[in-house]
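Below are the chains, spelled out letter by letter.
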Amino acid sequence: MAVPRDLARRRTSPVEFWFGLFLVLFSGQFLSNLPLILEHRTWQLQFGAFGLTLTGITLFVAGGYVLQSGLEERRTHLALAVAALAFGLMGLYPNIVYGNPFALVVGLPGGLIVLFGLLGGLVLAYAAVWFARAVFAEAGLDQVRRMGLVFLAAVALERGVIQFLRTLVQVLAEPGTLRAWAVFSWVAFAGRFLPVLVRGLAAAMILWVVWVAVGRDFGLPAREQPRRLLVGVAGLAIALWASADLFYAGALWAAWAVPFTPDPPLLFKVRTSALILLPALPLLALADAVRREGLLLTSRPGRAR
């Protein structure tokens, strides 16, 4: 995918350009909650919709700063820190908004699902606060980059590994559900489980890359790996993450085509598909840019850690 010609006039690299564009487009999934603020009838849901909308605004602003100034400017760091805080807190919010998350749990599988969700939300929120603290304390560029990678690892853990574990517990607790999905429609079966599986694999790869890239800075045992290997795995992980969204969008259209299921209005289908697919496209370009440059894994552009 070609980079616009005027990119050379900016202070951004292809990695920064595609990452910034991803943030701008990804914000749409959160900004779409704006009409729901007044539609919901409980304050918990209203506050959740407001928080998601606010998160979308911070992601849009942060993406704009990345596009305009790159990843090394102070104002970009501040915008990313605010976006990370909003994203992290809203990741935790659904787990605690109604009080004790274990109050209505029945059985071990239900307890594990809630526990995984709570742990994932706590890790994500803590990593966001940790990253923001480094930014607000005006830590050095290398320190901010390390904290940013740790936050990205927390996102991968919460959105990838944790979701895979929760789905796995559901399947093991009710194996008949798995057979029912497969019998009803292989397309529905793939749409339900393939995105979760692919994203879980991508998340595991991201965690490994971050562990190797910054683990020694936190006293963690991490063996040295060739920079080329780290960059290649990081690019593949990003591409797989984007592919999960492509699989999900394809499964939705396949499900809408089934005669026995309700057919939503065309505008709804186009809007839903756009919110899923538009962020995935710059992610695919980002995967190629990371593979070529490896900027996100270096202490300075073009130089290994």
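In this report, the structure presented in the accompanying data block is examined.

Procedures and definitions
- Residue positions are given per chain, counting from 1 as you read along its sequence in written order.
- The model is predicted, so local features are restricted to residues of pLDDT at least 70 and side-chain atom pairs to those at 80 or more, both for listing and for counting; the totals for chains, interfaces and linings are taken over all residues.
- To get the side-chain values, take all heavy atoms of the structure and skip hydrogens and water.
- An axis is simply a line fitted to the C-alpha atoms; with a helix, the fit covers only the stretch in contact. Between two such axes, the angle follows the N-to-C directions and lies from 0 to 180 degrees.
- In this description a helix means any DSSP run of H or I spanning at least four residues, a strand means any run of E spanning at least two, and both kinds are numbered starting from the N terminus.
- An angle counts as roughly parallel when it lies under 35 degrees, as roughly antiparallel when it exceeds 145, as roughly perpendicular when it falls between 65 and 115, and as oblique in every other case.
- Here a crossing is taken to be left-handed if its near helix is turned anticlockwise relative to the far helix by less than a right angle, and right-handed if that turn runs clockwise.
- Charged residues are taken to be Asp, Glu, Lys and Arg, nonpolar residues to be Ala, Val, Leu, Ile, Met, Phe, Trp, Tyr, Cys and Pro, and polar residues to be all remaining types, Gly included.
- In this description, contact between two residues means that some pair of their heavy atoms is separated by no more than 4.5 Å.
- N or O atoms closer than or at 3.5 Å make up a polar contact, with two conditions inside protein: a donor-capable atom paired with an acceptor-capable one, and, for residues adjacent in sequence, both atoms drawn from side chains.
- The working definition used for a salt bridge is a side-chain nitrogen of Lys or Arg within 4 Å of a carboxyl oxygen of Asp or Glu.
- Think of it in three bands: residues with accessible area under 20% of the maximum for their type are buried, residues over 50% are exposed, and the middle band is partly exposed, with areas taken using a 1.4 Å probe on protein chains only.

1. Section: the packing of helix 3 (residues 43–69) against helix 4 (residues 74–96)
Phase 1: Relative orientation of the contacting elements helix 3 and helix 4 amounts to 155°, with a least axis distance of 8 Å. Considering their axes alone, helix 3 and helix 4 lie roughly antiparallel with respect to each other. Relative to helix 4, the crossing made by helix 3 is left-handed.
Phase 2: Here the residues of the contact of helix 3 with helix 4 are counted per class, giving 15 nonpolar, eight polar and one charged.

2. Notes on the packing of helix 1 (residues 14–31) against helix 10 (residues 266–293)
Phase 1: Between helix 1 and helix 10, whose axes approach to 8 Å, the crossing angle comes to 165°. Classified by the angle their axes make, helix 1 and helix 10 are roughly antiparallel. Crossing hand, helix 1 versus helix 10: left-handed. Every residue of helix 10 that contacts helix 1 at Pro14, Val15, Trp18, Phe19, Leu21, Phe22, Leu25, Phe26, Gly28 and Gln29 is listed here: Leu275, Ile276, Leu278, Pro279, Pro282, Leu283, Ala285, Leu286, Ala289, Val290 and Glu293.
Phase 2: Within the contact of helix 1 with helix 10, the residues separate by chemical class into 18 nonpolar, two polar and one charged.

3. Some remarks on the side chain of Arg199
Phase 1: Tracing the sequence through the fold places Arg199 in helix 8 (residues 186–214).
Phase 2: In terms of polar contacts, Arg199 uses its side chain to reach the side chain of Asp245, at 2.7 Å.

4. Structural notes on the environment of Trp253
Phase 1: Residue placement: Trp253 occurs in helix 9 (residues 227–256).
Phase 2: In sequence terms Trp253 and Gly191 are 62 residues apart; their C-alpha atoms lie 10.0 Å from each other.
Phase 3: Not counting chain neighbours up to four residues away, the residues in contact with Trp253 comprise Leu266, Lys269 and Ser273.

5. As for the pattern of salt bridges
Phase 1: A complete count under the given rule lists seven salt bridges for this structure.
Phase 2: Across the pair Arg159 and Glu158 runs a salt bridge, and its minimum N-O distance is 3.0 Å.
Phase 3: For the salt bridge of Asp245 with Arg199, the shortest nitrogen-to-oxygen distance reads 2.7 Å. Placement of Asp245 in helix 9 and of Arg199 in helix 8 is noted, with a sequence separation of 46 residues between them.
Phase 4: Using a relative accessible area of 15% as the deciding quantity, one classes Asp245 as buried.

6. What to know about unusual backbone geometry
Phase 1: We note that Glu138 has phi near 60°; this positive angle belongs to a residue other than glycine.
Phase 2: Within the fold, Glu138 resides in the loop between helix 5 (107–136) and helix 6 (141–173).

7. Some thoughts on the environment of Tyr93
Phase 1: Positionally, Tyr93 belongs in helix 4.
Phase 2: For Tyr93, a relative accessible area of 15% gives the class buried.
Phase 3: Sequence-wise, Tyr93 and Phe47 are 46 residues apart; in three dimensions their C-alpha atoms are separated by 9.8 Å.

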